[in-house]
Amino acid sequence: MPQALGDVDWGRLRIGVPGYAHPLVAPTEWAELTRPGTPLDWVVLNVANGPGARPDPHCLAAAGQLTNAGVRVIGHLDLAHGARPFAELVADAHHYLEWYRVGGFLLDRCPAERPELAGVRRMTATLSSLLAGRGPGGSDGHLVLGHAGHPYPGYAEAADQLVTFSGAWTEYRWSQVAEWTAGYPPERFVHFVHGVPRTHLDEAVRIARWQGAGTIFFTDRPDRPAADPGDLRNPADFADRADRVEPDRGRKVAFEALPGYWDEIVSRIGPGVSE
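Numbers given to residues run from 1 along each chain, matching the order in which its sequence is written. With the structure being a predicted model, the display of local features is reserved for residues of pLDDT at least 70 and the display and counting of side-chain atom pairs for 80 or more, all residues being used for whole-chain, interface and lining totals. Excluded from the side-chain calculations are hydrogens and water; all other atoms, namely the structure's heavy atoms, are used.

Chemist: Looking at this model, I keep getting lost on the packing of aromatic side chains. Mind explaining?
Modeler: For any pair of aromatic rings, the description rests on two quantities: the centre-to-centre distance and the angle between the ring planes. Each Phe, Tyr or Trp ring (for Trp, its six-membered ring) is paired with any other whose centre lies within 6.5 Å, and the angle between the two planes then decides the class: stacked below 30 degrees, edge-to-face above 60, tilted in between. Enumeration according to the criterion identifies 14 aromatic pairs in this entry. A ring pair is formed by Tyr-172 and Phe-218, whose centres lie 6.1 Å apart and whose planes are at 55°; its orientation type is tilted. With Tyr-172 in helix H5 (residues 169-172) and Phe-218 in strand E8 (residues 215-218), this pair connects stretches of sequence that are 46 residues apart. A relative accessible area of 0% means that Tyr-172 is categorised as buried. Through successive ring pairs, a cluster of aromatic residues spans Tyr-20, Trp-30, Trp-42, Phe-192, Phe-217 and Phe-255. Across from the ring centre of Phe-86, 3.7 Å away, lies the NZ or CZ of Arg-122, which sits over that ring. Secondary structure elements are defined from DSSP: runs of H or I of at least 4 residues count as helices, runs of E of at least 2 residues count as strands, and each element is numbered from the N terminus. Relative accessibility decides the category of a residue: with a 1.4 Å probe and only protein chains considered, values under 20% of the type maximum give buried, values over 50% give exposed, and everything between is partly exposed. Only when the NZ atom of a Lys or the CZ atom of an Arg is both within 6 Å of the ring centre and within 35 degrees of the ring normal do we say a charge sits over the ring.

In structure tokens form, the structure reads like this:
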């Protein structure tokens, strides 16, 4: 028998939004993020597998409204497990900063093994320099490494947060935490979970707290392959790239829509948590 909602203390959890669909496709989702009191840690902006070839007026408006509301907007950079050239990633970062005034970056599909750590450190050091003074109140920017699993421990010193789980509820409920994470506070770790039934929300929160994750995004939406020909993030977006790196076909489309129990999550966590 599932435990009744309300029996688990949601503590000081915060919400990190992995990246909703384009504002034209998901206007309700983007509008909800500007609601006063929503306990957001940050929101990822992913225009077209990155910043796109030119400023998108709809994304400009959405990012501007969030920034004006005091919400940190961070740009999506796809590291493609280390296959993307350094110069190309820096160019994308400059476009995000110039066009959308982001306050940080999610480095998606980030390498997780020890041999690649030096390259990731080089990337995050460069991004940190670009972000200096661009955070709220003139603070420095925010960097999140999207591993989707527990990386080599040294990565914890390369960024502000690590995504140590991104996947399905059926996997999450049996997942294990790496012992080295106990040496860091919960605000350093992020969990993204799709397919979480409403009746198991408390169980999902219990797992997040037990594994030491302070930022979460839970949704009841199921996932599907990101191969829709009409998808705004498709291989054509990479057609002008010299290395022809494919976009992330395995990205979680489930995270691009509003959870069916969004209002409940917001009320359970409560206002002012991320301030």
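Chemist: Is there a simple way to explain the pattern of salt bridges in this structure?
Modeler: Pairs may arise between side chains of opposite charge once their charged atoms sit close together. Here, a salt bridge means any Lys or Arg side-chain nitrogen found within 4 Å of an Asp or Glu carboxyl oxygen. Tallying each qualifying case throughout the model produces ten salt bridges. In this structure, the salt-bridge partner of Arg-14 is Asp-41, at a minimum N-O distance of 3.4 Å. Note that Arg-14 is positioned in strand E1 (residues 14-17) and Asp-41 in strand E2 (residues 40-45), a separation of 27 residues in sequence. For Asp-41, a relative accessible area of 11% corresponds to the buried category. Across the pair Glu-32 and Arg-35 runs a salt bridge, and its minimum N-O distance is 2.3 Å. Judged by its relative accessible area of 31%, Arg-35 falls in the partly exposed class. Through salt bridges with shared partners, a single network forms among Arg-198, Asp-202, Glu-264 and Arg-268.

Structural measurements only, silent on function.
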